[in-house]
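Listed below are the residues making up each chain.
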Amino acid sequence: MRYKQAPKGRKRSCDTFSKGLLVTGTIVWWVYAVLFLIALTIKLQAAEKKSNVIIITIDTVRADHLGCYGYGLVQTPNIDALARSSARFRHAFTTVPLTLPAHASLFTGSFPMATGVHDFASNTLPSTAVTLATVLRENGYATAAFLGSPVLDARYGLNQGFETYFDHFDLKHFDEEKADVVKRPGDAVVDEALAWMKHESKRPFFLWAHLYDAHYPYKPPEPYASRYKARPYDGEIAFVDAQVGRLVSFLKEKESFANSLVVLASDHGESLGNHGEQKHGFFIYDSTLRVPLMVKVPGATPRVVGEDASLVDVMPTVLQALHIPIPPTVQGSSLLSRIMGRPGPGSSNVYAETFLPLLHFSWSQLRALRWKGLKYIEAPRPELYDTIADPHETKNLLATRPAVAQVMRDRLAEILRRYTSASGEQAGGKEFTDPTLLDRLHALGYVTTPAGTVSDAIGKQLPDPKDRLQVYELFWEAMADGQQGRYEESLHKLREAQKMDPDSLPVLLLAALDHFQMRDFPQAIQLFNRTLELKPKFAQPHYYLGEMYAQTSNNEAAMEHLKKALELAPTNFSAAFGLGSTYLRLKRVDEAASAFQDAIRLHPDHAEAYTALGEIYLYQKRVDDAVQALERAVAIAPQMKQAHYRLGQAYEAKGLHTQAQEELDRANSLSPVAPKDVPNQ
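Since we're looking at a predicted model, the values are computed, not measured.

Draft legend 1. Local environment of the pattern of salt bridges. The final tally for this structure, using the stated rule, is 27 salt bridges. Close ionic contact of Arg370 with Asp286 constitutes a salt bridge, the shortest N to O distance being 2.4 Å. Of this pair, Arg370 sits in strand β10 (residues 366-371) while Asp286 sits in helix α9 (residues 286-289); the two residues are 84 residues apart in sequence, bridging distant segments of the chain. Each member of the pair, Arg370 as well as Asp286, carries the same accessibility label: buried. The salt bridge involving Asp503 is made with Arg530; its shortest N-O contact spans 2.8 Å.

Given below as structure tokens:
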């Protein structure tokens, strides 16, 4: 059979059609290839996109007072929901039941014996410390912290690595009878954090939000105050939960929650009467050591982790999850394998301590080690507990299991040898002497008396804190009375404490301060002098003696004690200011100016010192210098009437009559001005 040939034109048409198909197919192939490459690029970019890191620390919250840990008397729906999205650690512990050293451990991944930060008020984090914020900033992260308590003030060193560190506590103008206003409420902390996150979109970020509300005094806002009237501590926790919810909701609204690494932890718990301790810091039982800890790692399946964990493990966990090398200074262990459901490295050695009894009362420090369900507390009278059979630590097994106690004692000694850093101890041992900040911490219930040092514990037999609990609780109650102006009640409790511990430095100091506030200067002077007999190189009594002698016009004695206070505490800007005022009363103008300049050098925002310096410059006819100093004073303290009044005088002397009148009107609107301590002009 022969086939007919197709017409020539038709053949050309088919050829054209075939070529068209070829061209079209090529175009389609290229379109699919481009789309594939775009999709692959987007996928790779998404995979390479760095996770945001959010760490929320909730101060003073016991693990067993949250719903996700089985507590039914407080509603914490937001924290519970976060726990369901995270790896929740059933048994997590702080290193120190105090805010500053606990956070130092969390953000350096190191134990207190390495950083030297054992306490608040008397320690600062060394500048050589490597913090999580520093590492993340070096890896391209924007870093910011928003804080609820002055105990984390930047001057304590935890600001290292943070581009934004929102402490900004107004400590100078604080009503002593309203101690709770010192702590920034959690809603204000979250307001600042949300505002920052809204403007930080170009870089991955590390945000730390610190919510301090559950710390004593417990005064939750409405509706939590009414809802938890009988349990204000729980009311504070419910309020904190709402603030956690605001942060998480923002992340979800911005569709960044899924790719964010979120950590929620408490720095320590609250004893609430367990073992006789009402608050925290004095003992190291689990009521103050056990903390909630949950870690949400992108891509990880939520689970509950039963193995022990410590706050020092947070930093290496975050860095390993982000594929960032862990610095060699880190002493904690990454928890990432447990978060991902893989076997961990084995049983952890969980270390804890408190040096509060030693540093503030000259009683023995306490150290503890947890291992395989056992807990050993090193003290003048040691303790051993089986925390599985006896989770409330009510039965000391030391007498019945001495061999086990010896094993634990040896393990603790090895931990101390391995992790103690001589340089860290020295660097972290600096005494912090900002009197305004110390006064505010005192008003929050912190014992700020430097009665002892770490070296005092070497080779000495010191009282066991268990034998001084009643003294400590009486002291704490007396301090609370004094904060509320109940000085007679405070002194009554202090006299009871003195019967049990006659030479207690903090008891004597607190009694002296009560008499000072009552303007009973003769008794206050006697007690301050007694504290100097017990601790000759103690700056605080010299400062108050100087203040009292100044108020009673004994200028020579005032000058002597204020100079001594500055010698012992060179950062005490209040002593420098007081010395300047004393020089003015003695008409020693040049020395007064030098002292006020010292106060400004020590505290650059000291509005009163700028005002006093401006007054001196006016007296010396240095009008331009006066204007500069007084304008600075007004900028720092816009409501300071004296500064406006003197600035008006300076403008008048400079011939700026309109500006002068504005400042004088402003001063008069605030209140009448009574200039003092300035030579006659």
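Don't stop here, the text continues.
Draft legend 2. Structural view of the pairing of strand β6 (residues 261-266). By the criterion of burial, β6 is predominantly enclosed, with 6 of the 6 residues buried. Going residue by residue along β6, you find Leu261, Val263 and Ala265 tucked away on one face and Val262, Leu264 and Ser266 tucked away on the opposite face as well. Where strand β1 (residues 53-58) lies against β6, 6 bridges are found, and the strand directions are parallel. Bridging from a neighbouring strand, Ile58 pairs with Ser266 of β6.

Draft legend 3. Examining the packing of helix α18 (residues 505-517) against helix α20 (residues 539-551) more closely. Contact geometry for α18 and α20: axes closest at 12 Å, N-to-C directions at 20°. One way to sum up the angle between α18 and α20 is to call them roughly parallel. The way α18 lies across α20 gives a crossing that is left-handed. Within the contact between the two elements, α18 uses Leu509, Leu513 and Phe516 and α20 uses Gln540, Tyr544, Glu547, Met548 and Gln551. By residue class, the composition of the contact of α18 with α20 is 5 nonpolar, 2 polar and 1 charged.

Draft legend 4. Looking closely at the pairing of strand β2 (residues 87-93). Buried residues dominate β2, accounting for 5 of its 7 residues. Here 5 bridges tie β2 to strand β7 (residues 290-296), and the two strands are oriented antiparallel to one another. Bridging across to β7, Ala87 finds its partner in Val295. Where β2 and strand β8 (residues 303-310) come together, 6 bridges link them in parallel fashion. Across the sheet, residue Ala92 finds its bridge partner in β8, namely Ala309.

Draft legend 5. Main features of unusual backbone geometry. Omega for the bond connecting Tyr216 with Pro217 falls within 30 degrees of zero, at 0°, which places this linkage in the cis form. Tracing the backbone shows Pro217 in the loop between β5 (205-211) and α7 (224-227). Here the residue pair Glu222 and Pro223 is connected by a cis peptide bond, since its omega of 5° sits within 30 degrees of zero. With respect to the element layout, Pro223 can be found in the loop between β5 and α7. Even without glycine at this site, Glu255 takes up a positive phi of about 55°.

Draft legend 6. Structural view of the environment of Gln597. Structurally, Gln597 can be placed in helix α23 (residues 589-602). The exposure class assigned to Gln597 is partly exposed, which follows from its relative accessible area of 39%. Placed 15 residues apart in sequence, Gln597 and Ala612 show a C-alpha to C-alpha distance of 9.7 Å. Leaving out residues up to four positions away in the same chain, Gln597 has contacts with Leu613 and Tyr617.

Draft legend 7. Examining the sheet that holds strand β12 (residues 383-386) more closely. The 4 strands are arranged β9-β10-β11-β12 in an open sheet whose pairing can be described as antiparallel. Across the chains shown, the open sheet's two edge strands, defined by having one partner strand only, are β9 (350-354) and β12. Strand-to-strand twist in this sheet, taken as the mean axis angle between neighbours without regard to direction, amounts to 15°. Looking at chain direction, β9 and β10 are connected through 5 bridges and run antiparallel. Across the sheet, the residue bridging to Val350 is Arg370, located in β10. Relative to β10, helix α13 (residues 402-419) is tilted by about 110°, and along the sheet it contacts β9, β10, β11 (374-378) and β12.

Analysis parameters
Residue numbers restart at each chain and count upward from 1, following the sequence in its written direction. Totals for whole chains, interfaces and linings use every residue, but because this is a predicted model, local features are given only for residues with pLDDT of at least 70 and side-chain atom pairs only at 80 or more, for both listing and counting. Calculated side-chain values reflect all of the structure's heavy atoms, with hydrogen atoms and water omitted. For this document, the term salt bridge refers to a Lys or Arg side-chain nitrogen within 4 Å of an Asp or Glu carboxyl oxygen. Helix and strand definitions follow DSSP, with helices as H or I runs of at least four residues and strands as E runs of at least two, each counted in order from the N terminus. Buried, partly exposed and exposed residues are distinguished by accessible area as a fraction of the type maximum, computed with a 1.4 Å probe on protein chains only: under 20%, between the cut-offs, and over 50%, respectively. For two strands to be treated as a pair, DSSP must find at least two bridges joining them. Orientation is described by lines fitted to C-alpha atoms, with helices fitted over the stretch in contact, and by angles between N-to-C directions that extend from 0 to 180 degrees. The scheme is simple: roughly parallel for angles under 35 degrees, roughly antiparallel for over 145, roughly perpendicular for 65 to 115, oblique for anything else. Should the near helix be turned anticlockwise from the far one by less than a right angle, the crossing is left-handed, and should it be turned clockwise, the crossing is right-handed. The contact criterion used throughout is that any non-hydrogen atoms of two residues lie within 4.5 Å. When residue character is reported, Ala, Val, Leu, Ile, Met, Phe, Trp, Tyr, Cys and Pro are called nonpolar, Asp, Glu, Lys and Arg charged, and the others, Gly included, polar.

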